[in-house]
Amino acid sequence: MASRIPQRRLLEPAFSALRTCPSCRRTASSPYPFQLFARAVSSKSKRSPASTGNKSVDDYLKQKPKKEAQVVPQRGSVSEDSIFEDAEPDQADFEEDDQVPRQFQETSTSSFQGRNSGSMRTMLDPDPKSRIKFERRVVVRQVKRRGRLTKKELLKRTERESLTKSQWLKTSTKKLGMLARQIAGKPIEEAIVQMRFSKKRVARDVKKHLEYSRDMAIVNRGMGLGKVEGTQGEPIEIELKDGKRKKITDRTGIYVDQAWVGRGPHGNEMDYRARGRAHVMHNPFTSVTVLLKEEATRVRLSEEKRKKFENRKLWLHLPDRPVTAQRQYPLW
């Protein structure tokens, strides 16, 4: 018959013997594991850092690596038929300004021998006859105009504009056209706010395109930098196309001059119906194009409109006209 004495009671005499044994207790002088590791590390650190125990390795470490020979760059030169041949600086100019180090001054006059003007001409001037004809047309045009520019060319030089086209948006021209008419004529920041709070689903894509167009106009065209460059101009009140009055405080401000949509390709999407039938839906894709200009353009248009109104002819109810077709007898 098995004993019913619990196991913990059987092990109590063994634990009591361990407690009473003085040799089994851990004293303060007994080393802990981390103390043993610290002693081992300290003993290794006392060794000489250059000594590895291997004589061949120690000799290799003592030897200093030799310095590689420095490659001296050579200064190139232009080709013989280049227009910048006379403007090439001399060696004396570099010695006076100390722009070239002394170790490079001896080899700076050597020319680049691998340049071939014949092979370069095929890429720089592939069709010389057409180039000569074009240059002749430009010269003839300048002689006829006597150096004067047309109004369109003058506006291109004095006023800035930025044209950007969006990617294909999954919507129709009818839906996107309403948003394009909504943002046309508004400042760029106000147009972005309009698209931000619009309930139309495609308004989010139009908002992203407006932000992209604004960034491209600032970076590529330098528009909207009046506050930074100090070219804001004096405040002026102008009249818009619809007859409303507007006060312009910054002539470099960006506004949406025109916004139009373009019809794109159609996508195919399945429309599954009841009884295992399916139809093919042709979803339209549309793009929106935005033309950004500065407020200086609207100021110019307002001034031209005002001058045209002031220079109009006076209207008369019965103007004086010369009497013509006088005959001695009536014509009936």
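Because the structure is predicted, anything quoted here is derived from the model rather than measured.

Engineer: Looking at this structure, how should I read a nonpolar patch on the surface?
Structural biologist: Side chains of Val57, Tyr60 and Leu61 sit close together on the surface and give an oily, nonpolar patch of about 330 Å² of accessible area. Note on placement: Val57 falls in helix α3 (residues 55-62). The exposure class assigned to Val57 is partly exposed, which follows from its relative accessible area of 35%.

Engineer: How should I be thinking about the confidence of the model for the chain in this particular structure?
Structural biologist: Any region with low pLDDT has predicted coordinates that should not be read closely. When pLDDT is averaged along the chain, the result is 80; 72% of the residues meet or exceed 70. Below pLDDT 50 for its whole length, residues 26-34 participates in three contacts with residues either more than four positions away or in separate chains. Within the model, pLDDT remains below 50 along residues 94-98, and this stretch shows seven contacts once partners closer than five positions in the same chain are excluded.

Engineer: Explain the nonpolar core here, please?
Structural biologist: Note on soluble globular proteins: their nonpolar side chains tend to be buried together. Counting 21 residues, the largest nonpolar core has Leu210 and Leu292 as its most contacted members. Where this core is concerned, the elements lending two or more residues are α9 (173-183), α10 (188-196), α11 (203-221), β4 (254-272) and β5 (278-294). Excluding residues that lie within four positions of it along the chain, Leu292 makes contacts with Arg160, Glu161, Ser162, Ile188, Ser213, Arg214, Ala217, Met223, Ile254, Tyr255 and Val256. Within the second largest apolar cluster, five residues are counted, among which are Ile238, Leu240, Ile248 and Val299.

Engineer: Got a minute to help me understand the packing of aromatic side chains in this structure?
Structural biologist: The geometry of an aromatic ring pair is captured by two quantities: the separation of the ring centres and the angle between the planes. Going through the model one piece at a time under the given rule, you end up with zero aromatic pairs. Taking NZ or CZ as reference, Arg298 lies 4.0 Å from the ring centre of Tyr255, over its face. Directly above the aromatic system of Phe309 lies the positively charged group of Arg312, at a separation of 4.0 Å from the ring centroid.

Engineer: Please clarify how the packing of α10 against α11 should be interpreted in this entry.
Structural biologist: Between two packed helices, the angle of one axis relative to the other and the distance separating the axes together describe the packing. Between α10 and α11, the shortest axis-to-axis distance is 8 Å and the interhelical angle comes to 160 degrees. It follows from the interaxial angle that α10 and α11 lie roughly antiparallel. In the crossing of α10 with α11, the sense of the turn from one axis to the other is left-handed. Together, Ile188, Glu189, Ala191, Ile192, Met195 and Arg196 of α10 and Ala203, Val206, Lys207, Leu210, Glu211 and Arg214 of α11 make up the contact between the two elements.

Engineer: I'm lost on the packing of α9 against α11 in this one. Help?
Structural biologist: One way to put it is that α9 packs onto α11 with a least axis distance of 11 Å and a crossing angle of 45 degrees. With respect to their mutual orientation, α9 and α11 come out oblique. Viewed along their axes, α9 and α11 form a crossing whose handedness is right-handed. Of the residues in α11, those in contact with Leu176, Leu179 and Ile183 of α9 are Ala203, Val206 and Leu210. Along the lines of polarity and charge, the residues of the contact of α9 with α11 split into six nonpolar, no polar and no charged.

Engineer: Whenever I open this one, the environment of Gly262 confuses me. Can you help?
Structural biologist: On the secondary structure map, Gly262 appears in strand β4. The contacts of Gly262, once residues within four sequence positions are left out, are Trp168, Phe285, Thr286 and Ser287.

Engineer: Looking at this structure, I do not really get α10. What am I missing?
Structural biologist: Owing to its 3.6 residues per turn, the α-helix brings residues three or four apart onto one side. Listed in full, the buried residues belonging to α10 are Ile188, Ala191, Ile192 and Met195. Each buried residue of α10 sits inside an arc of 100 degrees when the element is viewed along its axis, so together they form one side.

Engineer: Explanation requested: the pattern of salt bridges in the structure shown.
Structural biologist: Oppositely charged side chains may form a pair once their charged atoms are brought near each other. Summed over the entire model, instances satisfying the criterion amount to 20 salt bridges. Ionic pairing is found between Arg245 and Glu239, a salt bridge with its closest N-O pair at 3.7 Å. With a relative accessible area of 30%, Glu239 lands in the partly exposed category. Between Glu310 and Arg306 there is a salt bridge; the shortest N-O distance is 2.9 Å. Pair noted here: Glu310 and Arg306 are both in helix α13 (residues 295-310), with a separation of four residues, about one helical turn. The partly exposed category is assigned to Arg306, whose relative accessible area is 38%. Among the charged side chains, a salt-bridge network with shared partners connects Lys151, Glu159, Arg300 and Glu304.

About the thresholds
Residues numbered from 1 in each chain as written. Predicted model: local features only at pLDDT ≥ 70, side-chain atom pairs only at ≥ 80, totals over all residues. Heavy atoms only, no water. Patch = residues over 30% accessible without salt bridge, like charges linked within 9 Å, V, L, I, M, F, W, Y side chains within 5 Å. Areas by Shrake-Rupley, 256 points an atom, 1.4 Å probe, with all protein chains shown as cover. Salt bridge = Lys/Arg side-chain N within 4 Å of Asp/Glu carboxyl O. Helix = DSSP H or I, 4+ residues; strand = E, 2+ residues; numbered from the N terminus. Buried < 20%, exposed > 50% of the residue type's maximum accessible area, 1.4 Å probe, protein only. pLDDT = per-residue confidence, 0-100. Contact = heavy atoms within 4.5 Å. Core = buried A, V, L, I, M, F, W, Y, C linked by side-chain atoms within 4.5 Å. Phe/Tyr/Trp six-rings, centres within 6.5 Å; stacked < 30°, edge-to-face > 60°. Lys NZ or Arg CZ within 6 Å of the ring centre and 35° of its normal. Axes fitted to C-alpha atoms, helices over the stretch in contact; angles between N-to-C directions. Parallel < 35°, antiparallel > 145°, perpendicular 65-115°, else oblique. Left-handed = near helix turned anticlockwise from the far one by under 90°. Nonpolar A, V, L, I, M, F, W, Y, C, P; charged D, E, K, R; others polar. Arc of directions from axis to C-beta.

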